[in-house]
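# Inside the fold
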Amino acid sequence: MKLNDTKKGILCIIAAAFGFALMSMFVRLSGDLPTMQKAFFRNFVALIIASFALAKRGGGLKLSKASWGNIFCRCFFGTSGLIANFYAVDRIGIADANLLNKLSPFWAILLSIPLLKEKPGKVDILCTLGAFTGALFIIRPTGVITETLPALVGLFGGFGAGCAYVFVRRLSRQNIKTPVIVFYFSLFSCLVALPWLILDYHPMTAQQWIYLLLAGVFASLGQFGITTAYRYAPAKEISVFDYTQIVFAAFLGVFVFAETPAALSVVGYIVIIGIAVFRWVREKNAA
């Protein structure tokens, strides 16, 4: 059976979602290691893979003066979002952490106003407010900082990812290729994490090495998979399938870590994923 571009895009984005969910699982399985150490090895693997992709593709790493500011912001916000996500994954359920990270499209809507000069409609604004309401069910502020802080950090992880996506869009308008963006992001993240790695390195067992290397491999699958997906089809046709990552993460949480999502978390999942499906259907009908 021959697949059209939309179906190829859907398969790629589901593969990317599965890759990111497995990345979260292996980050958690790597145990009681510093967050920055985990971030370094995750990005070091991605840096190697991106380097091979660049060598195969050719074209070099040269950027125009107008692109350097955008690549720095993409790297800065992407790195801060990734570190925040890793911190949350280690301290709350992986399904909760993944869903808070998946608020990034709603952050991107807000950030596109000043950064891309794109004015969202009333429905987009209402959807964004609804998504953040759903996030409150997951965060469940209790006044106990040890319970609320990791969820708020996870929320910031989604903000960082949303900022990064906006700057990726700006770079795509400047015709900067995907392997170049992934290479600079991975290199920047490694350099940021390196001082912490040197000052607070925790020796790792062979099993921990394997888990972190696998986290990097599956993170690379996610990065390249999602980029390939959007090359096949526009976001309005396939973006909702990115939320399958929450389903994968929830199953992994149950079967690998024996995590049972809280009832209010499930309400939050339904609200946020429901709003994402609503926006997808609405955009397809409008098209």
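None of the values given here were measured: they were computed from a predicted structure.

## Description of the side chain of Ser67
- Looking at the element boundaries, Ser67 is found in helix α3 (residues 65-89).
- Within polar-contact distance, the side chain of Ser67 engages the side chain of Gln174 at 2.9 Å.
- Each residue touching Ser67, except ones within four places of it in the same chain, is listed here: Leu171, Gln174 and Ile176.

## Side note on the pattern of salt bridges
- Tallied over the entire structure, the rule returns two salt bridges.
- Measuring nitrogen to oxygen at the nearest pair gives 2.8 Å for the salt bridge that ties Arg28 to Glu259. In this pair, Arg28 sits in helix α1 (residues 5-29) while Glu259 sits in the loop between α11 (244-257) and α12 (263-286), placing the two residues 231 residues apart along the sequence. Comparing Arg28 with Glu259, the two get one shared label, buried.
- With a closest N to O distance of 2.8 Å, Lys38 and Asp90 form a salt bridge. Placement of the pair is Lys38 in helix α2 (residues 35-57) and Asp90 in the loop between α3 and α4 (94-101), with a sequence separation of 52 residues.
- Residue classification places Lys38 among the buried positions, given a relative accessible area of 0%.
- Exposure remark for Asp90: the relative accessible area of 24% places this residue in the partly exposed category.

## Topic: unusual backbone geometry
- The backbone of Asn175 shows a phi angle near 65 degrees, a positive value even though the residue is not glycine.
- Summarising the element assignment, Asn175 is placed in the loop between α7 (145-173) and α8 (178-199).
- At Ala258, a position not held by glycine, the phi torsion is positive, near 55 degrees.
- Its place among the elements puts Ala258 in the loop between α11 and α12.
- A relative accessible area of 66% places Ala258 in the exposed class.

Conventions adopted
Residues numbered from 1 in each chain as written. Predicted model: local features only at pLDDT ≥ 70, side-chain atom pairs only at ≥ 80, totals over all residues. Heavy atoms only, no water. Helix = DSSP H or I, 4+ residues; strand = E, 2+ residues; numbered from the N terminus. Polar contact = N/O pair within 3.5 Å; in protein donor to acceptor, adjacent residues only side chain to side chain. Contact = heavy atoms within 4.5 Å. Salt bridge = Lys/Arg side-chain N within 4 Å of Asp/Glu carboxyl O. Buried < 20%, exposed > 50% of the residue type's maximum accessible area, 1.4 Å probe, protein only.

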